[in-house]
Amino acid sequence: MGGGSADSVPRIGRARLGEVGCFRETTGVEASAVPPVGPASEASRMNVGVAHSEVNPNTRVMNSQGTWLAYIILVGLLHAVRLSIRFFSIPVVWTLTNVIHNLAMYVFLHTVKGTPFETPDQGKARLLTHWQQMDYRLQFTSSRKFLSISPIVLYLLASFYTKYDAAHFFINTASLLSVLLPKLPQFHGVRLFGINKY
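Worth saying up front: this structure is predicted, and the values here are computed from it rather than measured.

**Q** Can you explain the overall build of the protein? Please cite residues and give values.
**A** From N to C terminus, the protein includes 5 helices and 2 strands. The helix and strand sequence of the protein, counted from the amino end, reads β-β-α-α-α-α-α. Relative to its 198 residues, the protein shows a buried fraction of 31%. At a minimum sequence separation of 6, the contacts of the protein that also span at least 24 residues come to 53%. Of the roughly 13,000 Å² that the protein leaves accessible, carbon and sulfur atoms contribute 67%.

Here you go:
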């Protein structure tokens, strides 16, 4: 590779002092194969070739307030699209918005397992849903509270705009319970009747 003698080339597991005064990792390559890095170079201040620093990025993806804003906007757009359909009444639109939102939340947070990222956790996240992976399994964090309160707020709005009609109230309540119960700490890792066990 490099053409230097074997004694002058640092090998796997060693690092050498770079020109900027910080250590530069040379693991797996010869030092002569590492391109020179200038002091003003962006590569000297970041981990080149590393996509993220989290072991499992699913643990932190919902912590951003930008993600929360996008979530609220998507629910608002879902509701606006339903309102634009002429033959739907206002109570039907609110019930559909609530049910579709809760169905999507149930599928994405409580049914789908694993992570879309390649993680070095040796398959620990493979059998966990996204809700179980969030915030390193800590309960009552801000993102978990937000995702628990948002279906309740949507349920209250749907109940108000349907004027507490018995049929809509039953559908909205069943939909709320289907996403709220799996979020409780008592149900962490519990698979009722063996559903979604594997």
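**Q** So what's going on with the side chain of H130? Which residues, and what values?
**A** By the element assignment, H130 lies in helix α3 (residues 130–133). Those residues in contact with H130 that sit more than four places away from it in its chain are N58, V61, M62, F108, L109 and V112.

**Q** Outline the packing of helix α2 (residues 90–111) against helix α4 (residues 142–161), supporting the account with residue identities and numerical values.
**A** At a minimum axis separation of 8 Å, α2 and α4 run at an interaxial angle of 160°. The pairing of α2 with α4 is recorded here as roughly antiparallel in orientation. Seen from above, α2 lies across α4 with left-handed handedness. Across the interface between the two elements, P91, W94, T97, N98, H101, N102, M105 and L109 of α2 pack against L147, S150, P151, L154, Y155, L157, A158 and Y161 of α4. Class assignment of the residues belonging to the contact of α2 with α4 gives a composition of 11 nonpolar, 5 polar and no charged.

**Q** Can you explain unusual backbone geometry? Please cite residues and give values.
**A** Note: most residues except glycine have negative phi, and most peptide bonds are trans. With a phi angle near 60°, F140 is a residue other than glycine that sits in the positive phi range. Judged by relative accessible area, F140 falls into the exposed class, the value being 58%. If you check the backbone angles, K163 has positive phi at about 55° while not being a glycine. Mapped onto the fold, K163 is located in the loop between α4 and α5 (166–180). Its relative accessible area of 69% is what places K163 among the exposed residues.

**Q** Provide a residue-level description of a nonpolar patch on the surface, including the pertinent values.
**A** Nonpolar side chains collect at one region of the surface, where L83, I90, I149, V153, L157, F160, Y161, Y164 and F169 lie side by side and expose about 840 Å² of accessible area between them. No other element matches the 5 residues that α4 contributes to the nonpolar patch. Examined against the element boundaries, Y161 turns out to sit in helix α4.

**Q** I'd like a description of the side chain of T162, backed by residues and values.
**A** Structurally, the position occupied by T162 is in the loop between α4 and α5. Filtering out sequence-adjacent residues up to four positions away, T162 remains in contact with P91, T95, H168 and N172.

**Q** Hey, could you go over the packing of aromatic side chains for me, with residue numbers and the actual values?
**A** Under the counting rule described, the total for this entry stands at 7 aromatic pairs. On the numbers, 5.4 Å between centres and 70° between planes, the contact of Y71 with F146 is edge-to-face. With Y71 in helix α1 (residues 65–83) and F146 in helix α4, this residue pair connects regions lying 75 residues apart in the sequence. Of the aromatic side chains, those joined through ring pairs into one cluster are W68, Y71 and F146. Note that R144 overlies the ring of W131, its terminal NZ or CZ placed 4.8 Å from the centroid.

**Q** Any details on α5? Residues and values, ideally.
**A** End to end, α5 covers 21 Å across 15 residues, agreeing with the expected 21 Å (1.5 Å per residue, within 8%). Taken as a whole, α5 has its buried residues at H168, N172, S175, L176 and V179. One face of α5 carries all of its buried residues, which in axial projection span an arc of 100°. Away from the buried face of α5 by more than 90 degrees, exposed residues A166 and F170 are located. Tucked inside the fold, the buried residues of α5 contact α2 and α4.

What counts, and where the lines are drawn
- Residues numbered from 1 in each chain as written.
- Predicted model: local features only at pLDDT ≥ 70, side-chain atom pairs only at ≥ 80, totals over all residues.
- Heavy atoms only, no water.
- Helix = DSSP H or I, 4+ residues; strand = E, 2+ residues; numbered from the N terminus.
- Buried < 20%, exposed > 50% of the residue type's maximum accessible area, 1.4 Å probe, protein only.
- Contact = heavy atoms within 4.5 Å.
- Areas by Shrake-Rupley, 256 points an atom, 1.4 Å probe, with all protein chains shown as cover.
- Axes fitted to C-alpha atoms, helices over the stretch in contact; angles between N-to-C directions.
- Parallel < 35°, antiparallel > 145°, perpendicular 65-115°, else oblique.
- Left-handed = near helix turned anticlockwise from the far one by under 90°.
- Nonpolar A, V, L, I, M, F, W, Y, C, P; charged D, E, K, R; others polar.
- Patch = residues over 30% accessible without salt bridge, like charges linked within 9 Å, V, L, I, M, F, W, Y side chains within 5 Å.
- Salt bridge = Lys/Arg side-chain N within 4 Å of Asp/Glu carboxyl O.
- Phe/Tyr/Trp six-rings, centres within 6.5 Å; stacked < 30°, edge-to-face > 60°.
- Lys NZ or Arg CZ within 6 Å of the ring centre and 35° of its normal.
- Expected span 1.5 Å × (residues − 1).
- Arc of directions from axis to C-beta.

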